[in-house]
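Chain by chain, the residues:
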Amino acid sequence: MLVQLAWALLLFSAFYEGRKRMIIIQIICSYLATIGFGIIVNIPHKALNSCGWVGVLGWVMYLVVKAADGGTMLANAVAALAIGLSSIFMARRLKMPMILFNIPSLVPLVPGGQAYKAVRNFAIGNDLAAISNLVQVAMIAGAIAMGFFVSELVARTYFRIIIKH
Amino acid sequence: MTKNDLIIETILMAGKIMIENGADMARVDDTLTRIARNAGIDNPKIFETTTGILMSIPEQSSAQVEPIQKRTIDLEKVSLVNQNSRAFQDGQISLEEFRNNLVKLNISTPFFSFWLQLIAAVVVSVTLMIMYGGSWHDMIATAFAGGFGYSCYYLINNRLNIRFVSEFLASFLIGVIAVLFVRLQWGTQIGMITIGGVMPLVPGVPITNAVRDVFAGHFLSGMARAMEALLSACAIGMGIAFVFRFL
């Protein structure tokens with residue numbers, strides 16, 4: 001987990017040469033946002049800290065892929081994959097259900113901006129732009145779902161191999 | 001009470017607590033089957049959806065039903081049921097103790113206090129607004145929007161117990177506050193303030209669970225959860241659309 005995080009940070013700082021202050025602000029913000037949502041859905045005190053780090057990992061992955069011109073969909077899918085895998089890891093380590101970690105960490109990825117634009121365009125009467133925004137929302141949600149699906153697949157195969165050997 | 005009755009009662013209670021507080025179906029199925037196996041039933045028949053659980057033991061002729069009417073989110077209870085199930089598996093507690101623990105945790109699990117939740121909601125709003133690229137000048141406006149929005153949502157949910165109305169009114173209030181702050185020159189972007197303020201209300205738990213349920217093969221539950229998430233999202237959208245239409 002820590003190695004993964006360090007690796008992500010390295011890649012990230014390579015893309016953002018000279019903008020280190022912004023990266024630190026993004027990391028602090030994603031940590032706080034994840035913990036805040038964790039408090040709203042009442043996850044156990046013990047899980048709060050690790051949950052915050054899972055959220056940071058997901059958001060950093062998102063930013064890394066976006067900075068490398070990967071596109072919004074790929075960025076969301078990769079971030080969801082990272083969140084899924086690290087929350088499975090945390091669930092195993094702390095012996096708690098997995099949803100404690102992936103629900104709060106997912107919150108920064110929710111397509112709030114696009115959904116907002118869709119609602120706004122519908123309200124103004126700009127239906128065509130609104131529908132294009134809605135399609136974007138649906139595709140981002142699908143990308144996040146794919147990321148989770150792949151993470152579960154990877155984890156299941158991995159544990160099956162471990163049990164066999 | 002015979003032993004089978006006690007087993008069924010415990011399993012149904014555990015399932016009810018888990019589903020009521022936002023666990024996903026694959027997890028519920030796994031936990032309930034495990035409890036039944038550890039209690040000595042080799043082939044338990046359990047069918048669970050978001051709105052009710054059915055359970056029978058093959059040697060008995062009758063089945064038991066447990067309807068689930070309310071659905072809130074309290075992940076600590078889910079985690080506690082899980083812990084108790086593990087302790088039961090390891091033989092640390094007996095079936096009677098397990099049942100008593102379930103009754104106890106269902107009544108007396110501590111929730112974070114309202115003020116802490118309010119602070120958390122403000123933190124979520126402000127940090128997400130910054131992360132999405134909003135300007136630092138909008139921080140105070142977002143904090144107000146998020147705080148008032150969440151208090152409105154919380155109070156209506158707790159006092160009146162109407163689900164979708166609370167989301168509608170809360171997002172309406174957030175929109176009004178955003179417009180007001182920008183008109184008074186205390187904020188710059190209506191969009192960023194509204195997005196930040198709405199974030200604590202986003203139905204994150206139903207969305208995640210819907211996806212996981214569908215992939216795990218629990219289509220009925222997945223569709224029910226997706227419907228719930230969609231209705232919440234529509235209520236939030238309606239509230240904001242109202243503000244744009246008439247202000």
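Residues numbered from 1 in each chain as written. Chains lettered and ligands numbered in written order. Predicted model: local features only at pLDDT ≥ 70, side-chain atom pairs only at ≥ 80, totals over all residues. Heavy atoms only, no water.

Considering the overall build of chain B
Okay, so step 1: For chain B, the helix and strand inventory stands at 10 helices and 3 strands.
Okay, so step 2: If you list the helices and strands of chain B from N to C, you get α-α-β-β-β-α-α-α-α-α-α-α-α.
Okay, so step 3: Projected onto its principal axes, the C-alpha coordinates of chain B cover approximately 70 × 30 × 30 Å.
Okay, so step 4: In chain B, buried positions account for 53% of the 247 residues.
Okay, so step 5: For chain B, the accessible area works out to roughly 11400 Å², and carbon and sulfur atoms hold 62% of it.
Okay, so step 6: Of the side chains in chain B, 18 bear a positive and 19 a negative charge, and the two mean positions are spaced by 6 Å. (Helix = DSSP H or I, 4+ residues; strand = E, 2+ residues; numbered from the N terminus. Buried < 20%, exposed > 50% of the residue type's maximum accessible area, 1.4 Å probe, protein only. Areas by Shrake-Rupley, 256 points an atom, 1.4 Å probe, with all protein chains shown as cover. Lys, Arg positive; Asp, Glu negative; His and termini not counted. Charge placed at Lys NZ, Arg CZ, Asp CG, Glu CD.)

Some details on the overall build of chain A
Okay, so step 1: The secondary structure content of chain A amounts to 7 helices and 0 strands.
Okay, so step 2: Split into buried and exposed, the 165 residues of chain A put 51% on the buried side.
Okay, so step 3: Accessible surface for chain A amounts to roughly 8000 Å². Of this, 69% is attributable to carbon and sulfur atoms.

Here we look at the packing of helix 4 (residues 72–94) of chain A against helix 5 (residues 99–106) of chain A
Two quantities define a packed helix pair, namely the angle between the axes and the distance from one axis to the other.
Residue and element names in this part refer to chain A.
Okay, so step 1: The geometry of helix 4 relative to helix 5 is characterised by a closest axis approach of 8 Å and an angle of 145° between their N-to-C directions. Note that helix 4 runs across helix 5; the crossing there is right-handed. In contact with Ile-83, Ser-87, Met-90, Ala-91 and Leu-94 of helix 4, helix 5 contributes Phe-101, Asn-102, Ser-105 and Leu-106.
Okay, so step 2: The class makeup of the residues in the contact of helix 4 with helix 5 is 6 nonpolar, 3 polar and no charged. (Axes fitted to C-alpha atoms, helices over the stretch in contact; angles between N-to-C directions. Left-handed = near helix turned anticlockwise from the far one by under 90°. Contact = heavy atoms within 4.5 Å. Nonpolar A, V, L, I, M, F, W, Y, C, P; charged D, E, K, R; others polar.)

A look at the packing of helix 6 (residues 139–160) of chain B against helix 8 (residues 190–198) of chain B
Residue and element names in this part refer to chain B.
Okay, so step 1: Between helix 6 and helix 8, whose axes approach to 8 Å, the crossing angle comes to 40°. Classed by the angle they form, the pair helix 6 and helix 8 counts as oblique. In this structure, helix 6 crosses over helix 8, and the sense of that crossing is right-handed. Residue-level inspection shows Ala-141, Thr-142, Ala-145 and Gly-146 of helix 6 in contact with helix 8, the latter providing Ile-193, Gly-196 and Gly-197.
Okay, so step 2: Residue composition of the contact of helix 6 with helix 8, by class: 3 nonpolar, 4 polar and no charged. (Parallel < 35°, antiparallel > 145°, perpendicular 65-115°, else oblique.)

Looking at the pairing of strand 1 (residues 45–49) of chain B
Residues and elements named next belong to chain B.
Okay, so step 1: Bridging between strand 1 and strand 2 (residues 52–56) involves 5 bridges; their strand directions are antiparallel. Each bridged residue has a counterpart across the sheet, and for Thr-49 the counterpart in strand 2 is Gly-52.
Okay, so step 2: The hairpin formed by strand 1 and strand 2 contains 2 residues between the paired strands. (Pairing = 2+ DSSP bridges.)

What to know about a nonpolar patch on the surface
Okay, so step 1: Together, Leu85(A), Met146(A), Phe149(A), Val150(A), Leu153(A), Val154(A) and Phe215(B) make up a nonpolar patch on the protein surface, roughly 550 Å² of accessible area in all.
Okay, so step 2: Per-element accounting of the nonpolar patch gives the leading share, 5 residues, to helix 7 (residues 127–164) of chain A.
Okay, so step 3: Judged by relative accessible area, which is 40%, Phe215(B) ranks as partly exposed. (Patch = residues over 30% accessible without salt bridge, like charges linked within 9 Å, V, L, I, M, F, W, Y side chains within 5 Å. Salt bridge = Lys/Arg side-chain N within 4 Å of Asp/Glu carboxyl O.)

Structural notes on the interface of chain A and chain B
Okay, so step 1: On the chain B side, the residues contacting the 40 residues of chain A number 47 residues.
Okay, so step 2: When chain A packs against chain B, close to 3900 Å² is buried across both sides, 75% of that on carbon and sulfur atoms.
Okay, so step 3: Here Arg212(B) makes a salt bridge to Glu152(A), at a shortest N to O gap of 3.1 Å.
Okay, so step 4: For the pair chain A and chain B, the number of links is 6 residue pairs in polar contact (both at pLDDT 80 or more).
Okay, so step 5: Listing elements by their share of the side of chain A that touches chain B, those giving two or more residues are helix 2 (20–40), helix 3 (45–67), helix 5, helix 6 (112–124) and helix 7 of chain A.
Okay, so step 6: No other element matches helix 2 of chain A, which puts 10 residues into the side of chain A that touches chain B.
Okay, so step 7: Of the residues assigned to the side of chain A that touches chain B, the class counts are 29 nonpolar, 8 polar and 3 charged. (Buried area = accessible area lost by both parts, 1.4 Å probe. Polar contact = N/O pair within 3.5 Å; in protein donor to acceptor, adjacent residues only side chain to side chain.)

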